[in-house]
Every structure is written in structure tokens, then in C-alpha cells.
Amino acid sequence: MERRYRTASEQFSELFGGKTYKISLSGGMTCPTRDGHLDTRGCIFCSAGGSGEFAEPYDGCLASQIERAKARVRKKAGEHPRYLAYFQSYTNTYAPTAYLRTLYEAALAAPDIVGLSVATRPDCLEETTLDLLGELARRVPVFVELGLQTTCSRSVAYIRRGYPTEVYDRAMTALKQRGIHTVTHIIFGLPGETREDMMATVRHAAEMGSEGVKLQLLQVLAGTDLAEDYRAGKFATLTPEEYYSLVGEALTLLPADTVIHRLTGDPPKRLLIAPLWAADKKRVRADMARYFDEHDIRAGSRYDK
């Protein structure tokens, strides 16, 4: 199949001179929607692990955590491995800047670590934190992943996101001004959202100049409040065809040079309640590629006409 969009793997190869593997880490932080600052329940879809089930658990020793994470991909990494330290679970700027400096510097000092990736909330980027990330970005590539999820006001309230979209806008501007690579998380299939609601979120990320996107299928995980609503019959999850169609349209709305970091999710199978088809990642990828071929979908095609 002819590739019709730019992947994160391609971007990493260009930046780091070869195949680069993200290793998922935990910085031992929580979230303002969990510690009582905004709420104590977390976002409605987020698992108890803070969406970091595949991250190495925090044990107070970052060096050993990194080595365990490397071991997961060592067979694939080859003779001269390159790794991107990816702080994934919970909100990875939700701590004093002094702590963040120690954490990030320790990660970058580890052997074969060539860059830094930080998943966070746009309302957890203090000016001093932004300056720290900008300082590091002058030394190595730094990626910041922002959990936008949606621009639909009804959904923002329902998922307990806890900040208005304008906060995301300001964070995007501040990150770009400092030369930091930006990635936006978007969820398709939130209860009550129309197709136009979902595409409006995609358009907004593009308009704000997000360099990359992670497109995520809404997954119902055990132990979440979303699971209670699902069991109560308050919404249905997307079918494969519905999701592929949404992703296909999103790709046509994004500028052709947008970096696609994810086209679906990788749910923890032990927690997944629905949709169960999402658990077969290889089949999902193959079926999605076939759908793109059949419908001649390519990134930015509406801009290219």
C-alpha cells in the first residue's frame, strides 16, 4: 500500500538518524482531577493507571525504570539502539519545576536516550516549566503531548476535563514559541458527539498548528465511570467501519505534513470492556489500511485538490 501520511517513526528517523523506540516511563505524578485540585475522580474514561498501563511503574529509581523499559524492546532495537524517554502515565508536568528538572535531566543522561517526550495537560504548564522544556529543546528534540480530546463543550463537561479549550490554545502557542514539538490527543466516539463535533476538534488542532496528532478510539475500561454509563446503556461504542471512516476524514482535514503518532489505541486487554474488536491491534491496522486504499484516503488531500 502506498503510504499517504507521515508517521512518527519517519519523523524520529529523520531527527535521530535511524529507528528510534519510545520507552514508556512514569514520573510518579498524579493529576489535578485526581488529587482534589479540580476533582478526585479523574477524567471519566481514564483508568486507575492514568492511561499508562504500558509504562514501567514508578519505584523512585529512574535508572532502573529506564533499563526495564529498554529490556522490553531490546530485541527489536538492534546493535546501536536509540530511545526516546516517554513520560506517559498521569500528568507529567504536574510537579515543581525543580523536581521536573531533576527527572528530565536524569532521563536524558541515561545511555542511548536521544530525546524526551512528555504527556501532560495544557493547564499544567507553568511558565517556569515551559522555560525548562524550551531549554531542553535547545539540546535535544522535546515532544509535549497535550490531552485535548475534544472541543465540544458538552463533552468537555461530561469527561471532566477541567479546563476550557482556550487553555489548550495558549499552551500550544507557548510550546511552539519555544521550539518544542507538539502532539495533540483526540478521542473519537465520545457519547453524544456528532461526526461534525469530532471533525471540529480535528480542525481546531490543525488551526492551532499542532505538529502531530494521536487519534484515539473511545475505549471503555473497567473501573472507570465511563464503564458505569456504558453498562447502563447510555451510549454505544463505534463499529470498526464507523471508526475507520472518521479517521479517514480526519486525515483529509489535517495538513499533509502533520505527523500521525497514532491511528487507534492499544487497550490493556485485561481492562477492556468495549469495543472488543479494538483488542486485535494487528487486524485493526490491516483493516484500516484496506479501508484507506479502497477510499483513496491520504493526508491533506482536501488541501491538495
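Residues numbered from 1 in each chain as written. Predicted model: local features only at pLDDT ≥ 70, side-chain atom pairs only at ≥ 80, totals over all residues. Heavy atoms only, no water.

Relative to the helices and strands, E241 resides in helix α9 (residues 240-253). Of the residues examined, E241 reaches a relative accessible area of 52% and is grouped as exposed. Each C-alpha atom of the pair E241 and D287 lies 9.2 Å from the other, and the pair is 46 residues apart in sequence. (Helix = DSSP H or I, 4+ residues; strand = E, 2+ residues; numbered from the N terminus. Buried < 20%, exposed > 50% of the residue type's maximum accessible area, 1.4 Å probe, protein only.)

Mapped onto the elements, R160 comes out in the loop between α5 (153-158) and α6 (165-177). Here R160 is in contact with T33, D39, R41, G42, C43, I44 and D225, once residues within four sequence places are set aside. (Contact = heavy atoms within 4.5 Å.)

Take the nonpolar core next. Of all hydrophobic cores here, the largest spans 71 residues; its most connected members are Y104, F188 and Y243. Ranked by the residues each element gives to this core, the list is headed by α9, at seven residues. When near neighbours in sequence (up to four residues on either side) are disregarded, Y104 contacts F87, N92, T93, L116, V118, L132, L133 and L136. (Core = buried A, V, L, I, M, F, W, Y, C linked by side-chain atoms within 4.5 Å.)

Within the structure shown, the criterion is met by 24 salt bridges. Across the salt bridge formed by R74 and E67, the nearest N and O atoms sit 3.5 Å from each other. E67 gets classed as partly exposed once you look at its relative accessible area, which sits at 36%. For E145, the salt bridge identified is with K214, shortest N-O distance 3.2 Å. Taken as a pair, E145 in strand β5 (residues 142-149) and K214 in strand β7 (residues 212-217) lie far apart in primary sequence, 69 residues in all. Each member of the pair, E145 as well as K214, carries the same accessibility label: buried. (Salt bridge = Lys/Arg side-chain N within 4 Å of Asp/Glu carboxyl O.)

Of all eight residues that make up strand β6 (residues 181-188), eight are buried, and the element is covered over most of its length. Neither face of β6 is exposed, since H181, V183, H185 and I187 on one face and T182, T184, I186 and F188 on the opposite face are all buried. In this sheet, β6 lies alongside β5 in parallel orientation, the contact comprising six bridges. Opposite G147, over in β6, you have H185 as the bridge partner. Strand direction decides the pairing type here: β6 and β7, joined by six bridges, are parallel. Residue H185 lies in a different strand from β7, and its bridge partner there is K214. (Pairing = 2+ DSSP bridges.)

What follows deals with the sheet that holds β7. The pairing of strands in a sheet happens through backbone hydrogen bonds and is either parallel or antiparallel. Spatially, β1-β9-β7-β6-β5-β4-β3-β2 is the arrangement adopted by the eight strands of the open sheet, whose pairing is parallel. For this open sheet the edge positions go to β1 (6-7) and β2 (21-25), each flanked by a neighbour on one side alone. Sheet topology places β7 next to strand β9 (residues 259-262); three bridges connect them, and they run parallel. Directly across from K214, in β9, lies its bridge partner R262. Each of β5 and β6 is contacted by helix α7 (residues 195-207), which is oriented at about 175 degrees to β6, the strand it contacts most. (Axes fitted to C-alpha atoms, helices over the stretch in contact; angles between N-to-C directions.)

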